[in-house]
Amino acid sequence: MRAPRRSLLLAGIAASLAAPRIAAAQGGWPGERPIQIIVPFPPGGGTDINLRAMTSHFQRHLPGSRFVINNRGGAGGEIGYTAMATAPPDGYTIGTVITPSLQTITIERQPRYTLDDFAYLGTIVEDPGGLHVAADSPLRSVADLVAHARANPGAVAVGTAGIGSDDHLLMIGLARAADIRLNHIPYAGQAPTVTALIAGHIQVASMNMGESVGLIRDGRVRPLASAGPQRFSMTPEVPTFRESGFPLDTGVVRSLVAPAATPEPILRRLEQTIAATMRDPAWIAEAEKLFIPLQYRTPRETRDIVFREADALRGVWRQQPWRDS
């Protein structure tokens, strides 16, 4: 059936109005204004430090560009993810997404974004989880933590970066594997979790190993175990949960995205910029000093990781929703 002439006319007018804006964005991009990178957590956490350090390297590999960080924390990352997905697709807004929180939010509820609302530009970090205590804590191992939790059901407060985060899933995994009850205290990110641990408001902090290396070396926190398949390269003295008797393997995948409708030429240049930065010896050396565990994955590999893990997390949710733990 042919569309009514009025509908065709209106569609043509809309297309003609939109075309100059897209052409202008591509023609002047990236020099017209700064490209904002949305970080869905407050300042001071691992994701924030990572992206702030990367911006100067992005600028070197994308001539004429300027990058600024826009922290949009809250709701376990949902506020930031929504801002990324709904931003104008003109190349001036990108963001960092975190697996698994990106997916767990869509499983728990119906946010204003879906996983298809993003163009995946590449993975930059893979960081295993870990459980940490204050330096003066009497808990010296996972066995100590389990024994204490069994003797005091529900009394051990564990801080995380939020419900459905990898930190939370690690806590749940240990509680189920060891048949113990822990008291979950969600925070708005890693920085307030560390503050609460050092102040004595919580007994245990669940956070990523890369985020804790500096704190460990400063003697402010002590790790009980890491949740990778093998010992974390930056803390080889710390045993894995597998070595401690609990086969837990959790962590984050940190990736960069743009709104899905961003023009292809801009997406290609952003992808090339990220790939070049991840190969850059200057960035690799700086990341090592900042204890950032770099891991590059291509845009296709990144998208596959996001959707594959979403399927796995739906299976976990069907067995027992993490909001109940």
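Residues numbered from 1 in each chain as written. Predicted model: local features only at pLDDT ≥ 70, side-chain atom pairs only at ≥ 80, totals over all residues. Heavy atoms only, no water.

Asker: Hey, could you run me through the packing of helix α9 (residues 264-279) against helix α10 (residues 281-289) in this one?
Answerer: As a packed pair, α9 and α10 sit with axes 5 Å apart at the nearest point and diverge in direction by 65°. What the angle tells us is that α9 and α10 run roughly perpendicular. Only Pro 281, Trp 283 and Ile 284 of α10 make contact with α9, whose side of the interface consists of Thr 277, Met 278 and Arg 279. Of the residues assigned to the contact of α9 with α10, the class counts are four nonpolar, one polar and one charged. (Axes fitted to C-alpha atoms, helices over the stretch in contact; angles between N-to-C directions. Helix = DSSP H or I, 4+ residues; strand = E, 2+ residues; numbered from the N terminus. Parallel < 35°, antiparallel > 145°, perpendicular 65-115°, else oblique. Contact = heavy atoms within 4.5 Å. Nonpolar A, V, L, I, M, F, W, Y, C, P; charged D, E, K, R; others polar.)

Asker: Please explain unusual backbone geometry as it appears in this structure.
Answerer: In terms of backbone geometry, most residues other than glycine have negative phi values and most peptide bonds are trans. The peptide bond linking Trp 29 to Pro 30 adopts the cis configuration, its omega dihedral lying at 5°. Tracing the backbone through its elements, the reader meets Pro 30 in the loop between α1 (5-28) and β1 (35-39). Of the consecutive residues Thr 99 and Pro 100, the connecting peptide bond is found in the cis state with omega at 20°. Examined against the element boundaries, Pro 100 turns out to sit in the loop between β3 (93-99) and α4 (101-108).

Asker: Would you take a moment to explain the packing of aromatic side chains for this structure?
Answerer: Each pair of aromatic rings is reported with the distance of its centres and the angle of its planes. On inspection of all chains with the given rule, the structure shows six aromatic pairs. Pairing Tyr 120 with Phe 307 gives two aromatic rings, centres 6.4 Å apart and planes at 80°, and the pair type is edge-to-face. Here Tyr 120 is found in strand β4 (residues 118-134), whereas its partner Phe 307 is found in helix α11 (residues 299-319), with 187 residues between them in sequence. Classification of Tyr 120 as buried rests on a relative accessible area of 5%. Chaining the aromatic ring pairs together yields one cluster made of Tyr 81, Tyr 113, Phe 118, Tyr 120 and Phe 307. When the ring centre of Tyr 92 is taken as origin, the NZ or CZ atom of Arg 33, which lies over that ring, is 4.0 Å away. (Phe/Tyr/Trp six-rings, centres within 6.5 Å; stacked < 30°, edge-to-face > 60°. Buried < 20%, exposed > 50% of the residue type's maximum accessible area, 1.4 Å probe, protein only. Lys NZ or Arg CZ within 6 Å of the ring centre and 35° of its normal.)

Asker: Please clarify how the nonpolar core should be interpreted in this entry.
Answerer: A general trend in soluble globular proteins is that nonpolar side chains are found buried together. Ranked by size, the top nonpolar core spans 27 residues in total, and within it Ile 37, Leu 51, Phe 58, Ile 94, Leu 121, Ile 124 and Leu 256 carry the most contacts. Breaking this core down by element, the ones donating at least two residues are β1, α2 (46-61), β2 (67-71), β4, β9 (251-259), α9 and α10. Among the elements that make up this core, the one with the highest residue count is α9 (five residues). Not counting the four nearest positions on each side in its chain, Leu 256 is found in contact with Ile 37, Leu 51, Phe 58, Gly 95, Thr 96, Ala 119, Tyr 120, Leu 121, Gly 122, Ile 124 and Ile 274. Among the nonpolar cores identified, the runner-up in size contains 23 residues, and Leu 174, Ala 175, Ala 178 and Phe 246 belong to it. (Core = buried A, V, L, I, M, F, W, Y, C linked by side-chain atoms within 4.5 Å.)

Asker: Just checking my understanding: could you explain the pattern of salt bridges for this structure?
Answerer: Opposite charge on two side chains allows them to pair when their charged atoms are near. Within the structure shown, the criterion is met by 13 salt bridges. The network of salt bridges with shared partners includes Glu 78, Glu 108, Arg 109 and Arg 323. (Salt bridge = Lys/Arg side-chain N within 4 Å of Asp/Glu carboxyl O.)

Asker: What's the story with the environment of Met 171 in this structure? I'm lost.
Answerer: As for its position among the elements, Met 171 is in helix α6 (residues 166-178). Here the alpha-carbon distance between Met 171 and Arg 318, two residues 147 residues apart in the chain, equals 18 Å. The residues contacting Met 171, other than those within four sequence positions of it, are Val 158, Leu 182 and His 184.

Asker: Quick question: what am I supposed to make of the environment of Leu 270 here?
Answerer: Relative to the helices and strands, Leu 270 is located in helix α9. Residue classification places Leu 270 among the buried positions, given a relative accessible area of 3%. Along the chain, Leu 270 and Pro 100 lie 170 residues apart, while their C-alpha atoms are 23 Å from each other. Not counting residues up to four positions away in its chain, the partners in contact with Leu 270 are Trp 29, Ile 94 and Leu 121.

Asker: Looking at this structure, I do not really get helix α8 (residues 209-217). What am I missing?
Answerer: At 3.6 residues per turn, the α-helix brings residues three or four places apart onto the same side. In terms of burial, α8 is largely enclosed, as seven of its nine residues are buried. Buried within α8 we find Met 209, Gly 210, Glu 211, Ser 212, Val 213, Leu 215 and Ile 216. Those residues of α8 that are buried are in contact with α2, β4, α7 (190-199), β7 (204-208), β8 (221-226) and β9. Two residues or fewer past α8, Gly 219 is found with a positive phi of approximately 75°.

Asker: What is the right way to read the pairing of strand β6 (residues 183-186) from this model?
Answerer: For a regular strand, side chains alternate in direction, first toward one face of the sheet and then toward the other. As paired strands, strand β5 (residues 157-160) and β6 are joined by four bridges and run parallel to one another. For Val 158, the partnering residue across the bridge sits in β6 and is His 184. Viewed along the sheet, the connection from β5 through α6 into β6 turns out right-handed. (Pairing = 2+ DSSP bridges. Right-handed = clockwise from strand over helix to strand, strands pointing away.)

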